[in-house]
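Inside the fold
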Amino acid sequence: MANYKDYKIATIGSHTALQILKGAKDEGFETICICEKGKDRPYRSYGVADQIIEVDSFRNFFEIEQQLIDQNAIMIPHGSFVAYIGPEKMMDLKMMYYGTKGILEWESDRNMEREWLLKAGIKLPRVFSKPEDIDRPVIIKFHGAHGGKGYFIANTPEEFYAKYKKYEGKKGHEEFAIQEYVVGVPVYTHYFYSRLNDELEVMGFDKRYESNADSIGRVAAKDQVDVGIDTTYTITGNVPIVLRESLLPEIFEMGQRVVDSSKTIVDGGLFGPFCLEGIIDPELNYYVFEISARIVAGTNPYVNGSPYTWLRYNEPMSTGRRLARDIKEAITADKLDKILG
Ligand code: AMP
Ligand code: AMP
């Protein structure tokens, strides 16, 4: 029987690293945090990293990869990891990596993502192929945008062009998607699927705390117009949610269909943590505008577990810890192939 103590868990210092490293330590692993110079303080202060490796920039990650390989470290990818390394470079990684790399291509291309989710029978907001077709409120999302920065809303083609002016010719703003703006409340569902027991779990929910979308209600409508405030969605944090219980059967079904359909698009399918991100309207339709095929930062409020993981585990179980447990069980059962991509 292989010993999990022969392996270490590594991630890069941002996004969900605190939770991942803490969860790994709780499962008995030694941990490594890769930090950009000058950004290591939280990881030292909270005591979650047994080892800190500093780099000038995450873009230089490949310079230290061999050090991680020598230590038998398994990389846990998160939103910042993919954002900084770049989805196209992920295939060059040589170290052990938790997750299915092949799914990244489906997740990072809006058209492929849409095809996958439609296959899974998920409701999606309408998309408009050109600004001239805009006939209702829409949200414009730039492909290069990170964390919702620079999104804007328009109601007509004229309004689109008036607002687009300020982005024209700017790098990263050449390509964009025009999506129907769904009026309702944002709900992000955190799932975990293990290939070891073939079981799908719902770990929790969150909504994002976005500037300035979440502050506009603090200003009277008249003043919003006077001051010329445009709605933007820069992510600043996450707020926990507990969902109306009668919605849970559908939430499980949706997640299951996404897992099942993933097996038809990439070898081995999606596993580990993933998240459906969308809006629930007053008729209780859940429109999904995005899937993240890895741990999302919305799980961060639940370092000590969520109400849902408490129901199932009776011990603190964050998504980071659940992931470490998956790894531990795979190593112990000699089934590493079930968790490495
Ligand atoms: P950062 O390391 O904070 O610059 O984040 C890298 C990427 O991860 C961002 O571009 C966001 O898309 C995503 N991200 C970071 N933090 C959060 C968060 N709290 N909630 C949702 N997404 C996030
Ligand atoms: P995203 O970066 O795609 O997760 O979107 C950032 C934010 O934009 C979300 O948290 C929502 O508040 C909002 N949003 C995105 N797409 C839609 C949509 N189709 N309808 C309404 N709001 C949306």
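1. What to know about empty space enclosed by the protein
- Evaluated as defined, the whole model comprises three cavities of 30 Å³ or more.
- In terms of lining residues, the largest cavity is bounded by 15 residues, among which P77, Y98, G99, A293 and R294 are the most central.
- Its residues assigned to classes, the lining of the largest cavity comprises 12 nonpolar, two polar and one charged.

2. A word on the environment of S194
- With respect to the helices, strands and loops of the structure, S194 is situated in strand β10 (residues 185–194).
- The spatial distance from the C-alpha of S194 to the C-alpha of I339 is 8.4 Å, given a sequence separation of 145 residues.
- Residues contacting S194, with those up to four places away along its chain left out, are E199, R322 and D326.

3. Side note on the packing of aromatic side chains
- Inspection of every chain in the model, using the stated rule, returns 19 aromatic pairs.
- Ring centres 5.6 Å apart and planes at 5° place the aromatic pair F152 and Y167 in the stacked group. Within this pair, whereas F152 is found in strand β8 (residues 152–154), its partner Y167 is found in the loop between α7 (157–164) and β9 (176–180), the two being separated by 15 residues in sequence. Take F152 and Y167: they sit in the same class, and that class is buried.
- The structure contains a cluster of three or more aromatic residues connected by ring pairs, namely F142, F152, F160, Y161, Y164, Y167 and F176.
- Of note, K101 hangs over the ring of Y97, and the distance from its end group to the ring centre comes to 5.4 Å.
- The cationic tip of K328 hangs over the ring face of Y4; the distance from NZ or CZ to the ring centre is 4.9 Å.

4. Considerations on the nonpolar core
- Counting 54 residues, the largest nonpolar core has V258 and I327 as the members making the most contacts within it.
- With six residues, the single largest contributor to this core is helix α9 (residues 248–265).
- Those residues within four positions of V258 in sequence are excluded, and the remaining contacts are W116, L117, A120, I122, L270, F274, L276 and I291.

5. Considering the side chain of R321
- In this structure, R321 sits in helix α11 (residues 319–332).
- Overall, R321 belongs to the buried group, its relative accessible area being 12%.
- In terms of polar contacts, R321 uses its side chain to reach the side chain of E27, at 2.7 Å.
- Of note is the side chain of R321, whose polar atom sits 3.0 Å from the backbone oxygen of P316.

6. With respect to the packing of helix α1 (residues 17–26) against α11
- Where α1 contacts α11, the axes come no closer than 7 Å and their chain directions differ by 50°. The angle between α1 and α11 places the two elements in the oblique class. Along this stretch, α1 crosses α11, giving a crossing that reads as right-handed. Counted together, Q19, I20, G23, A24 and D26 of α1 and T319, G320, R321 and A324 of α11 form the full contact between these two elements.

7. Brief notes about the site of ligand 2
- The environment of ligand 2 is made up of 17 residues, and the closest members are K141, V182, Y188, E210 and E290.
- Contacts to ligand 2 include Y151, whose side-chain N or O atom sits 3.0 Å from an oxygen atom.
- In the model, a nitrogen atom of ligand 2 is placed 2.9 Å from a nitrogen or oxygen of the V182 main chain.
- Contact with the protein chains removes 96% of the 480 Å² of surface that ligand 2 exposes when unbound.

8. Some details on the pattern of salt bridges
- Scanning the entire structure with this criterion turns up 21 salt bridges.
- In this structure, K22 engages D26 in a salt bridge whose closest nitrogen and oxygen atoms are separated by 3.2 Å. One end of the pair, K22, and the other, D26, are both in helix α1, four residues apart, so they sit about a helical turn from each other.
- For K22, a relative accessible area of 35% gives the class partly exposed.
- The partner of K222 in a salt bridge is D226, and the shortest N-O contact between them spans 3.0 Å. Taken together, the residues K222 and D226, both in helix α8 (residues 221–227) and four residues apart, mark about one turn of the helix. D226 carries the same exposure label as K222, and that label is exposed.
- Three or more residues are tied together by salt bridges with common partners; here these are E27, E315, R321, R325 and K328.

9. Let's talk about the sheet that holds strand β3 (residues 51–55)
- Across the sheet, which stays open at both edges, the five strands sit in the order β3-β2-β1-β4-β5 with parallel pairing between neighbours. In the strand order of this sheet, the two ends are held by β3 and β5 (96–97), each with one partner.
- Inspection of the sheet shows strand β2 (residues 30–36) paired to β3 by five bridges, in the parallel sense. Bridge pairing links I32 to Q51 in β3.
- Across the face of the sheet, α1 comes into contact with β1 (8–12) and β2 while running at roughly 175° to β1.

10. Topic: the packing of helix α6 (residues 110–119) against α9
- Put simply, α6 and α9 touch, their axes get as near as 8 Å, and they point 125° apart. Put simply, α6 runs oblique to α9. Here α6 runs over α9; the crossing is right-handed. Listed contacts from α9 to W116, L117 and K119 of α6 are V258, S261, S262, T264 and I265.
- Tallied by class, the residues present in the contact of α6 with α9 amount to four nonpolar, three polar and one charged.

So, how was this worked out
Throughout, a residue's number is its position along its own chain's written sequence, starting from 1. Written order decides the labels, with chains lettered from A and ligands numbered from 1. The predicted origin of the model limits local features to residues at a pLDDT of at least 70 and limits the giving and counting of side-chain atom pairs to 80 or more, whereas totals for whole chains, interfaces and linings rest on all residues. No hydrogens and no water enter the side-chain calculation; it runs on all heavy atoms of the structure. Using a 1 Å grid laid over the protein atoms alone, points where a 1.4 Å probe fits but cannot get out form a cavity; open sets with protein on both sides within 12 Å along at least 5 of 7 lines form a pocket; any residue with an atom within 4 Å of a point counts as lining. Grid points are joined across faces, edges and corners, and a volume is the space filled by probe spheres set on the points. Classification convention: Asp, Glu, Lys, Arg as charged; Ala, Val, Leu, Ile, Met, Phe, Trp, Tyr, Cys, Pro as nonpolar; all other residues, Gly among them, as polar. The way it works is that DSSP assigns letters per residue, a run of H or I at least four long becomes a helix, a run of E at least two long becomes a strand, and they are numbered from the N terminus. Any two residues having at least one pair of non-hydrogen atoms within 4.5 Å are treated as being in contact. For this analysis, a ring pair means two rings from Phe, Tyr or Trp (six-membered ring only for Trp) whose centres lie within 6.5 Å, classed as stacked if their planes differ by under 30 degrees, edge-to-face if by over 60, and tilted for the remaining angles. Exposure categories follow from relative accessible area, calculated using a 1.4 Å probe and restricted to protein chains: below 20% of the type maximum is buried, above 50% is exposed, and the middle band is partly exposed. Working rule: Lys NZ or Arg CZ, within 6 Å of ring centre, within 35 degrees of ring normal, means a charge sits over the ring. For our purposes a nonpolar core is just a set of buried Ala, Val, Leu, Ile, Met, Phe, Trp, Tyr and Cys residues, chained together by side-chain atoms within 4.5 Å. Think of a polar contact as two N or O atoms within 3.5 Å of one another; within protein, one of them needs to be a possible hydrogen donor and the other a possible acceptor, and neighboring residues in sequence only count if both atoms come from side chains. The convention used is that axes are lines fitted to C-alpha atoms, helices contributing only their stretch in contact, and that angles between N-to-C directions extend from 0 to 180 degrees. Roughly parallel here means an angle under 35 degrees, roughly antiparallel means over 145, roughly perpendicular means 65 to 115, and every remaining angle is called oblique. Two helices that cross are described as forming a left-handed crossing if the nearer one is turned anticlockwise from the farther one by less than a right angle, and a right-handed crossing if clockwise. Any residue with at least one heavy atom within 4 Å of a molecule or strand is counted as near it. Accessible surface area values rest on a Shrake-Rupley calculation with a 1.4 Å probe, where residue burial reflects the displayed protein chains alone. When a carboxyl oxygen of Asp or Glu is within 4 Å of a side-chain nitrogen of Lys or Arg, the pair counts as a salt bridge. Paired strands, as defined in this entry, are two strands with at least two bridges between them according to DSSP.

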